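# Understanding the architecture of this molecule
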Amino acid sequence: MNDADLAELAPAEPLAAYLDSLGLGAGAARIETIGEGHSNLTFLVEREGATVVLRRPPRGPLPPSAHDVVREARLLSALRPHGTPVPEVLGTCEDEGVIGAPFYVMEWIDGHVLTEEMPADLVGEAEAISERLVDGLVELHAVDAGAAGLVGFGRPDGYLERQLKRFGGLYETNATRPLPDLEAVADWLAANLPASPPSTVVHGDYRLGNVMLEAHGLGRIIAVFDWEMSTLGDPLSDVGYTLLWWGTTDRIAVHPSQGVADLPGFPSATQLLDRYAAAAGRDVAEIDWYVALAAFKLAVIREGQRATLRRAGQPSDSATGQPLAKWAMEFIGS
C-alpha cells in the first residue's frame, strides 16, 4: 500500500484524536499496513505509550452485509469472556466521518503467525501446534451462543443452502469469463447437500495462517484473527475449510502458509480430522463435501478479487480457468 492510500484509509490525525478519546497513548500516530488486505484492512498504529491494531473495511463499493467490522468487533467482545483467544476490543467507532468508514481498535499481541516456515523457538512443536489448532476449533464449536449473547448473530437453519446461494450470487455478480468447472462444482454441491449437525459459532476462515502462537513457549495459541466470515452455522464447514488449507501433498496450493503443514512433524489431514471427530464427537463421514464447499467459496472469492482489479484498471491473472474449481472437480471425482 502506498503512502497516499495509507493516508486515505487510515488518516493519522483523526486516528490520534480518536485514540485520545480512549486514553490510548499520546502524540502523533505512526501507521503501517499489516496482513494482505484481501478482506477487512488491518493497520498497526503506534504512538507514545500505546500500540494498537485498527480494523476497517476496504474501499467501496462493497457487497451488502460484507466487511461489517462493527459486527466483527461485537463477536470478539462476546467470545473473549468464554475463553476463545481473541484480542481485546478497545474501542468501536461507527461514525464514518472520522476516517471514512466504521472501524474498531484492538490490542496488539506479539507472537508468531506461521506463514512459510517454523520459527526457531517452535521447531519440534509441529504436532503440539496441530493438536492445539484442532482443539481450539473444538472449543469454539462448544461455545454456548446463548450464554455469549450471540443468539441473533446468524440464522443457523438452512446455513448450507444459504452459503451456496450467497456465493453463487457473488459469482454471478463478479464473473468476468465463463467458468464451467466452477458452475459444475456448484451444481454438485447443491445436488449432494448433507444434513447439518446442530449449529455452532463458526469462524469461516479457520486455518494456521489465521492464528497467532506464543512467541516464547510451546506453541500455545494466543489469538485467532479474521472473524469477518463468522456466523452461526454448520461446524463442519470450518473443518472442511481448515483441511483445504492443510498442506499441498494432496491439496491445490492456494497460499504459501498452506505449505507449513508439509514441514516435518505435522500430521496428515486425515489425522487432523480424526482428532477433531474424536474430540468433538461429530460424524465426519461427509467431510469431502465440506472441503469441496471450501474450495468453491475460495474460488468465488478469488474471482471477486480478479473482478475488483479489472474494474480498477489494474493487471489481473490471464488464466482461462479457475484452478480451485478444477481441483474441486477432481477431488469429488466428477
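Right above here is the structure, for reference.
## Comments concerning the overall build of the protein
- If you tally the helices and strands in the protein, you get 10 helices and 10 strands.
- Against the compact-globule benchmark of 20 Å for 334 residues, the protein has a radius of gyration of 20 Å, which places it among compact chains.
- Among the 334 residues that make up the protein, the fraction classed as buried is 49%.
- Of the contacts made within the protein by residues no fewer than 6 positions apart, 69% connect residues no fewer than 24 positions apart.
- Accessible surface computed for the protein: about 15400 Å², of which carbon and sulfur atoms make up 51%.
- With 25 positive and 47 negative side-chain charges, the protein shows a separation of 5 Å between the mean positions of the two kinds.

## Remarks on the packing of aromatic side chains
- Tallying each qualifying case throughout the model produces five aromatic pairs.
- With a centroid separation of 4.9 Å and 75° between ring planes, the pair formed by Tyr18 and Phe103 is classed as edge-to-face. Of this pair, Tyr18 sits in helix H2 (residues 12-22) while Phe103 sits in strand S5 (residues 103-107), and the two are 85 residues apart along the sequence. The same class applies to Tyr18 and to Phe103, which are both buried.
- Over the aromatic face of Trp245 sits the side chain of Arg207, whose NZ or CZ is 4.0 Å from the ring centroid.

## Let's talk about the sheet that holds S5
- One open sheet accounts for five strands, arranged S1-S2-S3-S5-S4; its pairing is antiparallel. Because the sheet does not close on itself, it has two edges, and the strands there are strand S1 (26-34) and strand S4 (89-93). Neighbour-to-neighbour, the strand axes of this sheet turn through a mean angle of 25°, independent of strand direction.
- By the bridge criterion, four bridges tie strand S3 (residues 50-56) to S5 in an arrangement that is antiparallel. Paired with Arg55 across the strands is Tyr104, a residue of S5.
- Each of S3, S4 and S5 touches helix H3 (residues 69-79); the most contacted strand, S5, lies at about 30° to it.

## What about the pairing of strand S2 (residues 41-48)?
- Counting buried positions over the eight residues of S2 gives six, a clear majority of the element.
- In this sheet, S2 lies alongside S1 in antiparallel orientation, the contact comprising six bridges. Bridged to Ile31 within S2 is Val45.
- Pairing of S2 with S3, which is carried by seven bridges, proceeds in the antiparallel orientation. Bridging across to S3, Glu46 finds its partner in Thr51.
- Between S2 and S3, which pair antiparallel and follow one another directly, the connecting turn spans one residue, one of which, Gly49, has a positive phi of 90°.

## Some points on the sheet that holds strand S6 (residues 111-112)
- Sheet architecture is open: three strands sit in the order S6-S8-S9, paired in antiparallel fashion. If you trace the sheet from one side to the other, it starts and ends with S6 and strand S9 (221-224), each paired once.
- The pairing of strand S8 (residues 211-214) with S9 spans three bridges and is antiparallel. Bridging from a neighbouring strand, Met212 pairs with Ala223 of S9.

## Let's talk about the packing of helix H4 (residues 126-141) against helix H7 (residues 235-244)
- Orientation of H4 relative to H7, taken along the N-to-C sense of each, is 160°, at an axis distance of 10 Å. Relative to H7, the element H4 is oriented roughly antiparallel. At the point where H4 passes H7, the crossing takes the right-handed sense. Each of Leu133, Leu137, Leu140 and His141 in H4 lies in contact with H7, whose residues at this interface are Pro235, Asp238, Val239 and Thr242.
- Tallied by class, the residues present in the contact of H4 with H7 amount to five nonpolar, two polar and one charged.

## A closer look at the side chain of Arg47
- Within the fold, Arg47 resides in strand S2.
- In terms of polar contacts, Arg47 uses its side chain to reach the backbone carbonyl oxygen of Gly25, at 3.2 Å.
- Apart from the residues within four sequence positions on either side, Arg47 is in contact with Ala16, Leu19, Asp20, Leu24, Gly25, Ala26, Gly27, Ala28, Ala29 and Arg30.

## A closer look at empty space enclosed by the protein
- This structure, assessed with the given rule, holds three cavities of 30 Å³ or more.
- Taken as a whole, the largest cavity holds about 80 Å³ of empty space.
- Lining of the largest cavity is provided by Leu133, Val134, Leu137, Tyr206, Val239, Thr242, Leu243, Leu272, Leu273 and Tyr276.
- Taken together, the elements giving at least two residues each to the lining of the largest cavity come down to H4, H7 and helix H8 (269-280).
- In the lining of the largest cavity, the residues fall into nine nonpolar, one polar and no charged.
- Per element, the largest residue contribution to the lining of the second largest cavity is three residues, and it comes from H4.
- A per-class count over the lining of the second largest cavity returns five nonpolar, three polar and one charged.

About the cut-offs
Residues numbered from 1 in each chain as written. Predicted model: local features only at pLDDT ≥ 70, side-chain atom pairs only at ≥ 80, totals over all residues. Heavy atoms only, no water. Helix = DSSP H or I, 4+ residues; strand = E, 2+ residues; numbered from the N terminus. Rg over C-alpha atoms; globule rule 2.2 N^0.38 Å. Buried < 20%, exposed > 50% of the residue type's maximum accessible area, 1.4 Å probe, protein only. Contact = heavy atoms within 4.5 Å. Areas by Shrake-Rupley, 256 points an atom, 1.4 Å probe, with all protein chains shown as cover. Lys, Arg positive; Asp, Glu negative; His and termini not counted. Charge placed at Lys NZ, Arg CZ, Asp CG, Glu CD. Phe/Tyr/Trp six-rings, centres within 6.5 Å; stacked < 30°, edge-to-face > 60°. Lys NZ or Arg CZ within 6 Å of the ring centre and 35° of its normal. Pairing = 2+ DSSP bridges. Axes fitted to C-alpha atoms, helices over the stretch in contact; angles between N-to-C directions. Parallel < 35°, antiparallel > 145°, perpendicular 65-115°, else oblique. Left-handed = near helix turned anticlockwise from the far one by under 90°. Nonpolar A, V, L, I, M, F, W, Y, C, P; charged D, E, K, R; others polar. Polar contact = N/O pair within 3.5 Å; in protein donor to acceptor, adjacent residues only side chain to side chain. 1 Å grid on protein atoms, 1.4 Å probe; cavity = no way out; pocket = protein on both sides within 12 Å on 5 of 7 lines; lining within 4 Å. Points joined across faces, edges and corners; volume = space filled by probe spheres on them.

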